[in-house]
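Observations on the three-dimensional arrangement
Chain by chain, the residues:
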Amino acid sequence: EAGVVQSPRYKIIEKKQPVAFWCNPISGHNTLYWYLQNLGQGPELLIRYENEEAVDDSQLPKDRFSAERLKGVDSTLKIQPAELGDSAVYLCASSPTVTGELFFGEGSRLTVL
Amino acid sequence: AQSVTQLDSQVPVFEEAPVELRCNYSSSVSVYLFWYVQYPNQGLQLLLKYLSGSTLVKGINGFEAEFNKSQTSFHLRKPSVHISDTAEYFCAVRRYSGAGSYQLTFGKGTKLSVIP
């Protein structure tokens, strides 16, 4: 069974440029998470989806970050414009239910120059 | 408020020696506890979890952890480490936050380095 797939694995951009990350969760998993992991830190939740509905986006910086999960399957996280402080790893995770185990993708490492 | 404290940011240990990675949490309500492992340039993988029942939990790769409610701790242990255990380990706490939502909070991680 395929795990959580994320792309791109690595992205280098200049500040003020836009960037997008894509995540395909495990088939049948209704709950999808986007986490931010700064260097030397644990993951921090950005947004959680139940099917196509964003049920917890309180930590998402909405002035520059946006996310969507239009058909309740794969999801896209966008940053526009990117800032130097956005350099981090963006992790996607999915779980079969809101109380189920989280399965993580390998992450997308963003470097903003 | 809820927090997770991993007391050691880095732990070096010789191969085949025992290791303990410490985790303390603060919460006024019942919690579920987890340990995840992250190998270089990879995502997080669940090692073990405590939901209820026996306070001693066994996980993958020979790791185990003990839930101590009175000390609000969930320390991770392995009696004999291998080179392949070199990775970063994250303790996480999940608690019910109301309206059908659960909040999962991670510690800052402990880097385990196994020395040949």
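Treat the numbers as computed from the prediction; the structure is a model and nothing was measured.

**Some thoughts on the overall build of chain A**
A tally of helices and strands in chain A yields zero helices and 11 strands. Ordered by position from the N terminus, the helices and strands of chain A form the series β-β-β-β-β-β-β-β-β-β-β. Principal-axis analysis of the C-alpha atoms places the extent of chain A at approximately 35 × 25 × 25 Å. By residue count, 43% of the 113 residues in chain A fall in the buried class. When contacts within chain A are restricted to residue pairs at least 6 apart in sequence, long-range pairs at least 24 apart make up 52% of them. Element-wise, carbon and sulfur atoms account for 50% of the exposed surface of chain A, whose accessible area totals about 5,700 Å².

**With respect to the overall build of chain B**
Looking only at helices and strands, chain B has zero helices and 12 strands in total. For chain B, the N- to C-terminal ordering of α and β elements is β-β-β-β-β-β-β-β-β-β-β-β. Taken against the 2.2 N^0.38 rule, which gives 13 Å for 116 residues, the C-alpha radius of gyration of chain B at 14 Å falls within 12% of a compact globule. Along the longest, intermediate and shortest principal axes, the C-alpha atoms of chain B span 50 × 30 × 20 Å. Per-residue burial for chain B yields a buried fraction of 44% across its 116 residues.

**Considerations on the pattern of salt bridges**
Residue and element names in this part refer to chain A. All told, the structure shown has 10 salt bridges over all chains when counted by the stated rule. For Arg64, the salt bridge is made with Glu83, and the minimal N-O distance between the two is 3.4 Å. Of this pair, Arg64 sits in the loop between β6 (53–56) and β7 (65–68) while Glu83 sits in the loop between β8 (75–79) and β9 (88–95), and the two are 19 residues apart along the sequence. Given the relative accessible area of 13%, Arg64 is considered buried.

**Details of the side chain of Gln6(B)**
Residues and elements named next belong to chain B. Tracing the backbone shows Gln6 in the loop between β1 (3–5) and β2 (10–14). A distance of 2.9 Å separates a polar side-chain atom of Gln6 from the backbone oxygen of Tyr89. A distance of 3.2 Å separates the side chain of Gln6 from the side chain of Thr110, its partner in a polar contact. Residues contacting Gln6, with those up to four places away along its chain left out, are Arg22, Trp35, Tyr89, Phe90, Cys91, Gly107, Lys108, Gly109 and Thr110.

**A closer look at the nonpolar core**
Counting residues in each nonpolar core, the largest one holds 27 residues, and the members touching the most others are Leu33(B), Trp35(B), Leu47(B), Leu48(B), Phe74(B), Leu76(B) and Tyr89(B). Among the elements of the structure, β2, β3 (19–21), β5 (31–38), β6 (44–50), β8 (64–68), β9 (73–78), β10 (87–98) and β12 (110–115) of chain B are those that each provide at least two residues to this core. Those residues in contact with Leu33(B) that lie beyond four places of it in its chain are Tyr25(B), Leu48(B), Lys49(B), Tyr50(B), Phe67(B), Phe74(B), Ala92(B) and Val93(B). Within the second largest apolar cluster, 22 residues are counted, among which are Phe21(A), Leu46(A), Phe65(A) and Ile79(A).

**Some points on the environment of Thr111(A)**
Residues and elements named next belong to chain A. Assignment of secondary structure puts Thr111 in strand β11 (residues 108–112). Among the residues examined, Thr111 registers a relative accessible area of 29% and is labelled partly exposed. Setting aside its immediate chain neighbours within four residues, Thr111 contacts Lys11, Ile12, Ile13 and Ser87.

**A few points about the sheet that holds β8(A)**
Residues and elements named next belong to chain A. If you trace the four strands from one edge of the open sheet to the other, you get β1-β3-β8-β7, paired in antiparallel fashion. Looking at strand neighbours, the two that pair on one side only are β1 (5–7) and β7, the edges of this open sheet. Along the sheet, successive strands turn relative to each other by an average axial angle of 15°, direction set aside. Across five bridges, the pairing between strand β3 (residues 19–24) and β8 is antiparallel. Bridged to Ala20 within β8 is Lys78.

**Some thoughts on the interface of chain A and chain B**
Every contact between the two is made by 19 residues of chain A and, on the other side, 17 residues of chain B. Connecting chain A to chain B are zero salt bridges. There are two residue pairs in polar contact (both at pLDDT 80 or more) connecting chain A and chain B. Taken together, the residues of the side of chain A that touches chain B sort by class into seven nonpolar, seven polar and five charged.

Calculation rules
Residues numbered from 1 in each chain as written. Chains lettered and ligands numbered in written order. Predicted model: local features only at pLDDT ≥ 70, side-chain atom pairs only at ≥ 80, totals over all residues. Heavy atoms only, no water. Helix = DSSP H or I, 4+ residues; strand = E, 2+ residues; numbered from the N terminus. Buried < 20%, exposed > 50% of the residue type's maximum accessible area, 1.4 Å probe, protein only. Contact = heavy atoms within 4.5 Å. Areas by Shrake-Rupley, 256 points an atom, 1.4 Å probe, with all protein chains shown as cover. Rg over C-alpha atoms; globule rule 2.2 N^0.38 Å. Salt bridge = Lys/Arg side-chain N within 4 Å of Asp/Glu carboxyl O. Polar contact = N/O pair within 3.5 Å; in protein donor to acceptor, adjacent residues only side chain to side chain. Core = buried A, V, L, I, M, F, W, Y, C linked by side-chain atoms within 4.5 Å. Pairing = 2+ DSSP bridges. Axes fitted to C-alpha atoms, helices over the stretch in contact; angles between N-to-C directions. Nonpolar A, V, L, I, M, F, W, Y, C, P; charged D, E, K, R; others polar.

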